[in-house]
Structures are given as C-alpha cells and as structure tokens.
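Next come the chains, spelled out residue by residue.
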Amino acid sequence: MSEQSRRPHKPGKPYRRPHKDPVRILAFDALRAVDERDAYANLVLPPLLRKAREKGDFDVRDAALATELVYGTLRRQGTYDAIIAACVDRPLREVDPPVLDVLSLGAHQLLGTRIPTHAAVSASVELARVVLGDGRAKFVNAVLRKVAQHDLDGWLATVAPPYDEDPEDYLAVVHSHPRWVVSALWDSLGGGRAGIEDLLEADNERPEVTLVARPGRADPQELLREDAAVPGRWSPYAVRLTEGGEPGAIDAVRESRAGVQDEGSQLVALALAGAPLDGPDEKWLDGCAGPGGKAALLGALAAQRGAVLLAAEKQPHRAGLVARALHGNPGPYQVVAADGTRPPWRPGSFDRVLVDVPCTGLGALRRRPEARWRRRPEDLEGFAPLQRALLRGALDSVRVGGVVGYATCSPHLAETRAVVDDVLKQRPHTELIDARPLLPGVPALGAGPDIQLWPHLHGTDAMYLALIRRTA
C-alpha cells in the first residue's frame with residue numbers, strides 16, 4: 001500500500017511528510033525482529049547498529065539511545081503492557097503487534113527515560129506515521145497522551161494490585177516479570193519481600209560488559225588499560241567495562257586471548273578447575289561446550305597444568321564457535337561435534353568434566369530480557385530429560401576419583417537441585433563436594449554443598465554449580 005493511499009485525504013491542506021528518525025526506526029526494527037523471528041536482541045541489535053554507522057546515520061550517542069530504547073522496552077514490557085491496556089478500549093491481544101511495539105517504545109520514553117513528554121509523544125507519532133501510516137498514528141497519539149497523564153509510580157499505583165492482596169502479581173507488574181517466573185525465583189531464593197524485590201530489580205538493570213583475560217594468553221592489566229575498565233569483583237581474570245563499549249575493538253578480544261564472559265560463568269570454570277582430585281589431572285572434558293566461553297577458560301587453565309581439554313558440542317555450527325574461541329590456546333586441545341548423552345569416548349576417560357546444560361536461561365534475564373516473555377512453565381518439562389541425561393553421561397565419562405561439575409544458567413529448582421538429586425539417587429557411588437571453599441572471598445553462596453550465584457548479591461548471572469566426585 002502506498003503512502004498516499006494510507007494517509008487521510010484533506011483537500012486544500014498540504015500534506016506534511018513524516019520525519020524519519022533513524023534511531024527510533026532502528027529500535028522498532030529490532031523489536032519487530034525479536035517478536036516475529038523469536039530473535040534475541042543481543043544478536044539482532046549489533047548488526048543493525050553497525051550498518052547504521054556504516055551509512056553515516058549514527059554517532060555514539062545515537063547508538064546509546066537506540067540500545068536503551070530496545071533493551072529498556074523489552075525489560076519493562078510487562079509493566080508497559082499493563083499500562084497500555086488501561087489506555088485502550090480493546091483487549092491488548094487485539095492490538096496489532098507492530099502498533100503495540102510503537103506504543104511500548106513510546107511508553108518507555110515517557111516513563112523510563114528523561115526524554116521530555118512532548119518530545120516522546122511527538123517522536124513516537126512520527127515513527128508511527130513512517131512505519132504504520134497516518135491512520136494508526138492517530139491511535140498511537142491518543143493512547144500515548146493518556147499514558148503521559150501519570151508518571152511510572154502513578155501508573156503502578158493504578159495497575160498493580162496491593163502487595164498484601166497478591167504479592168506475586170504485584171511483583172510481576174511492578175518489576176515486569178511473568179508471574180510464574182516471580183514464583184520460581186522466589187522459591188529458589190527463599191526469604192522475604194526485600195530479597196525478591198532486589199533480585200527482580202537487578203534483572204531490570206543494564207549489565208556491565210565483563211571480559212576474561214585467558215590465563216597464559218592475556219593479562220588483566222592489559223585489559224585494565226581500556227577506558228572505564230575496572231577489575232572484576234571475584235574472578236582474578238575478570239575485567240569490567242563500566243560504560244560498555246565495543247569489546248570486538250579490543251586487540252586481546254579480537255585475537256581470542258581474551259573474551260566476553262560473565263563473571264559467574266568464570267567462577268563455575270574456576271571452581272571445577274580447583275576441585276581436589278584423587279589421582280592424575282591430565283584429561284578434561286567440556287561436555288556442552290558451545291558457544292565456547294567456558295571451554296576457552298578451561299583450555300587455558302588446563303594448558304597451565306599440562307592437561308588436555310576435549311570440548312564437545314552436539315551442534316556442528318556451535319562446535320565451530322567453540323573452535324574459534326579456543327584458537328591459539330597454548331596447550332593441546334580438541335573440539336568435536338558429539339552428543340554428551342551418548343558419549344563416543346570410553347567410560348571413565350576424564351579427570352574433570354563440566355556440563356553446562358541447556359536450560360530456560362532464567363538466570364540471564366539481564367542480558368536476554370525477552371527470554372522472560374518467551375519462556376513458559378512447560379519448557380521445564382522439555383529440558384528435564386536432557387539435563388538428566390547429560391549429567392548421567394558426564395558421570396559415565398569421569399574416572400573414579402574424578403570430578404563432574406553440573407552447571408546451569410538458571411536458578412529454577414527444577415533445573416538445579418532436583419536434577420542433581422534425581423540422578424545421584426540412581427548413582428550410589430558418588431558424593432557431592434562442598435564447592436563454596438573453591439570460591440574464596442565470594443559471599444552469600446548458600447547453605448552448600450552446591451553454589452547459587454545471584455545478580456543482586458554477586459553482580460553475576462544466576463549461575464548454579466554442583467560438584468560431584470565419582471567414588472567407585
């Protein structure tokens with residue numbers, strides 16, 4: 001449909017073409033990709049920004065604003081949906097998704113940024129004219145003017161139920177998480193209101209970029225010379241970029257001597273590498289190695305001890321990513337495309353084994369905010385058999401006296417302790433190792449012997465780790 005046919009015709013009045021704002025158009029395109037293709041924003045946004053810079057449309061401030069609009073909208077989508085629903089005369093499911101994306105972008109500018117009200121409404125209406133047409137732009141204008149009548153606190157007092165009447169629904173609306181996710185996180189965390197609110201708030205904060213200096217290949221001091229770089233909180237190899245930036249522009253990252261890796265992920269690898277063994281320490285296995293961050297750190301640590309790492313990944317394309325991450329490792333290693341539930345190697349071949357199993361990813365909602373809206377409770381049932389099979393395969397792969405690390409980037413009890421408990425009931429010749437002493441200086445690791453990290457307590461993803469020794 002042409003622009004002429006989409007706009008209302010008013011004889012005698014000249015038509016003003018809509019202003020095309022490249023920042024907001026890019027943000028809209030990113031949200032549409034997330035919605036239509038189930039894409040992840042952290043994969044969609046960088047190439048869009050790169051293309052815009054190459055065309056000369058963007059400077060650094062433009063890129064920062066586009067990034068904030070995309071991630072801010074996705075993080076607060078549940079809250080904004082509740083507010084928008086109070087401002088429209090139909091069920092939200094009857095609003096076309098592209099229209100809802102424009103409304104959500106507008107709501108975030110009004111309620112989640114310092115953009116002046118008139119500018120936020122005007123820019124959103126102009127965006128609607130460009131991507132939706134003049135007719136639906138009028139609808140956007142009317143809804144956003146209603147949204148602009150209150151600030152965020154005022155709206156929350158209206159659309160969220162009182163905490164005392166329905167704590168989980170209150171938290172879901174105020175902190176923009178699905179109710180079932182709130183319930184699951186609260187069960188895993190335990191405690192009262194303050195802890196769960198701190199966790200949900202941390203999920204909605206923009207995470208810092210964390211780098212890892214791979215031992216024997218890069219020194220953290222080299223990375224600390226970057227702008228706004230500070231040491232990690234817990235890992236001796238971690239460096240945080242407090243103002244973001246482009247890690248790919250850093251020499252050590254480009255050369256695979258360093259990489260982008262959450263500090264929680266680093267701690268999982270360090271704990272496994274530090275676990276006491278009975279006997280030799282020569283052969284290590286990463287049984288779920290894609291996309292390669294933990295494998296690269298384990299490979300560097302293994303090389304320092306004269307050990308060999310085998311990195312296995314079922315999907316061939318992901319095995320290619322692992323090979324790229326390990327390229328240049330100073331010690332011997334091998335990357336194979338193999339299924340950890342049906343290991344092609346001999347039983348008992350390895351001294352140390354890590355399986356960071358596929359999961360719901362509820363521990364990484366800071367980095368992938370859209371995952372909270374994409375996941376469903378029934379997804380747990382789909383992951384459960386695979387998680388148990390991978391842990392059984394890992395226990396088969398480790399020798400007597402060796403150690404297995406079972407890790408997930410989810411704190412959900414069904415993906416952590418329930419899996420470990422179920423498998424170990426069938427494996428009497430195993431014992432849990434207290435992992436907490438292996439992370440000296442890291443507080444609030446729980447009652448043990450397993451470890452649960454939290455964004456609000458540790459500044460990391462909510463990584464889980466259980467260390468298991470095979471005893472016979």
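Here the structure is shown first, and the text comes after it.
Keep in mind the model is a prediction, meaning the values are calculated, not measured. (Residues numbered from 1 in each chain as written. Predicted model: local features only at pLDDT ≥ 70, side-chain atom pairs only at ≥ 80, totals over all residues. Heavy atoms only, no water.)

The helix and strand inventory of the protein stands at 21 helices and 12 strands. Taken against the 2.2 N^0.38 rule, which gives 23 Å for 472 residues, the C-alpha radius of gyration of the protein at 25 Å falls within 12% of a compact globule. The C-alpha extent of the protein, read off along each of the three principal axes, is 90 × 50 × 40 Å. Classification of the 472 residues of the protein by burial places 54% in the buried group. For the protein, long-range pairs separated by at least 24 residues make up 72% of all intrachain contacts whose partners lie at least 6 apart in sequence. Just so you have it, the protein exposes about 21000 Å², and 51% of that area is on carbon and sulfur atoms. Positive and negative side-chain charges in the protein, numbering 60 and 62 respectively, have mean positions lying 5 Å apart. (Helix = DSSP H or I, 4+ residues; strand = E, 2+ residues; numbered from the N terminus. Rg over C-alpha atoms; globule rule 2.2 N^0.38 Å. Buried < 20%, exposed > 50% of the residue type's maximum accessible area, 1.4 Å probe, protein only. Contact = heavy atoms within 4.5 Å. Areas by Shrake-Rupley, 256 points an atom, 1.4 Å probe, with all protein chains shown as cover. Lys, Arg positive; Asp, Glu negative; His and termini not counted. Charge placed at Lys NZ, Arg CZ, Asp CG, Glu CD.)

Along helix H9 (residues 152-159), the residues that are buried comprise Trp-155, Leu-156 and Val-159. Taken down its axis, H9 places every buried residue within 100 degrees of arc, on the same side. With respect to the buried face of H9, the exposed residues turned more than 90 degrees away are Asp-153, Ala-157 and Thr-158. Buried residues in H9 make contact with helix H5 (77-85), helix H6 (97-112), helix H8 (134-147) and helix H10 (167-175). (Arc of directions from axis to C-beta.)

Attention shifts here to the pattern of salt bridges. Tallied over the entire structure, the rule returns 36 salt bridges. Between Arg-32 and Glu-36 there is a salt bridge, with the nearest N and O atoms lying 3.3 Å from each other. On the criterion of helical spacing, the pair formed by Arg-32 and Glu-36 is a turn pair, its members being four residues apart in helix H2 (residues 22-37). Note on Glu-36: relative accessible area 58%, which makes it exposed. Across the salt bridge formed by Asp-379 and Arg-375, the nearest N and O atoms sit 3.8 Å from each other. Here Asp-379 falls in the partly exposed class, since its relative accessible area comes to 22%. (Salt bridge = Lys/Arg side-chain N within 4 Å of Asp/Glu carboxyl O.)

Attention now goes to the nonpolar core. The biggest cluster of nonpolar side chains holds 74 residues, and the ones touching the most others in it are Phe-58, Val-70, Ile-84, Val-140, Val-147 and Leu-171. Counting 39 residues, the second-largest nonpolar core is a separate cluster that includes Val-212, Trp-284, Val-403 and Ala-435. (Core = buried A, V, L, I, M, F, W, Y, C linked by side-chain atoms within 4.5 Å.)

Pairing is antiparallel in the open sheet, where four strands are placed in the order E2-E3-E1-E4. Of all the strands in the sheet, just strand E2 (229-231) and strand E4 (258-260) have a single pairing partner and so form its edges. Here the average twist between neighbouring strands, direction ignored, is 30 degrees. Bridge analysis of strand E1 (residues 209-213) against E4 gives three bridges, and the strand direction is antiparallel. What sits directly across from Leu-211, in E4, is Val-260. Against the sheet, helix H15 (residues 263-274) makes contact with E1 and strand E3 (238-241), and its axis sits at roughly 30 degrees relative to E1, the strand it touches most. (Pairing = 2+ DSSP bridges. Axes fitted to C-alpha atoms, helices over the stretch in contact; angles between N-to-C directions.)

All right, on to the side chain of Asp-461 then. Positionally, Asp-461 belongs in the loop between helix H21 (455-458) and strand E12 (464-470). When its relative accessible area of 6% is taken as the criterion, Asp-461 is described as buried. At a separation of 3.2 Å, a polar atom in the side chain of Asp-461 contacts the side chain of Arg-367. Sequence-distant contacts of Asp-461, that is, excluding residues within four places in its chain, are made with Asp-262, Gly-363, Ala-364, Arg-366, Arg-367, Cys-409, Leu-453 and Trp-454. (Polar contact = N/O pair within 3.5 Å; in protein donor to acceptor, adjacent residues only side chain to side chain.)

Helix H11 (residues 179-189) sits mainly inside the fold: eight of its 11 residues count as buried. Burial in H11 covers these residues: Trp-180, Val-181, Val-182, Ala-184, Leu-185, Trp-186, Ser-188 and Leu-189. Gly-190 sits one or two positions beyond H11 and adopts a positive phi of about 70 degrees.

What follows covers the pairing of E3. Burial along E3 is two-sided: Ala-238 and Arg-240 and Val-239 and Leu-241, pointing in opposite directions, are all buried. Taken together, the three bridges between E2 and E3 define a ladder with antiparallel strand orientation. Along E3, the bridge assignment pairs Pro-231 with Val-239. Between the end of E2 and the start of E3, which pair antiparallel, lie six residues.

Moving on: the state of the cysteines. Applying the stated criterion to the full structure yields zero disulfides. Note on Cys-359: no disulfide assigned, nearest cysteine sulfur contributed by Cys-409 at a separation of 5.8 Å. (Disulfide = S-S within 2.5 Å.)

A few words on the packing of helix H4 (residues 60-75) against H6. The description of two helices packed together rests on the angle between their axes and the distance between the axes. Viewed as axis vectors pointing N to C, H4 and H6 meet at an angle of 95 degrees, and their least axial separation amounts to 9 Å. It follows that H4 is roughly perpendicular to H6 by the angle criterion. The residues of H6 that touch H4, namely those facing Glu-68, Leu-69, Gly-72 and Thr-73, are Ser-104, Leu-105, His-108, Gln-109 and Gly-112. Along the lines of polarity and charge, the residues of the contact of H4 with H6 split into two nonpolar, six polar and one charged. (Parallel < 35°, antiparallel > 145°, perpendicular 65-115°, else oblique. Nonpolar A, V, L, I, M, F, W, Y, C, P; charged D, E, K, R; others polar.)

Most of the time, phi is negative for any residue but glycine, and the peptide bond is trans. Cis geometry is found at the peptide bond from Gly-290 to Pro-291, where omega equals 0 degrees. Mapped onto the fold, Pro-291 is located in the loop between strand E5 (283-286) and helix H16 (293-305). That bond from Gly-448 to Pro-449 is cis: its omega, -5 degrees, falls within 30 degrees of zero. By the secondary structure assignment, Pro-449 is in the loop between strand E10 (430-433) and strand E11 (451-452). Not every positive phi belongs to a glycine, and Ser-176 is a case in point at roughly 60 degrees. Structurally, Ser-176 is set in the loop between H10 and H11. One non-glycine residue with positive phi stands out, namely Ser-256, at about 65 degrees. For Ser-256, the location among the structural elements is in the loop between helix H14 (251-254) and E4. Assessed through its relative accessible area of 14%, Ser-256 is described here as buried.

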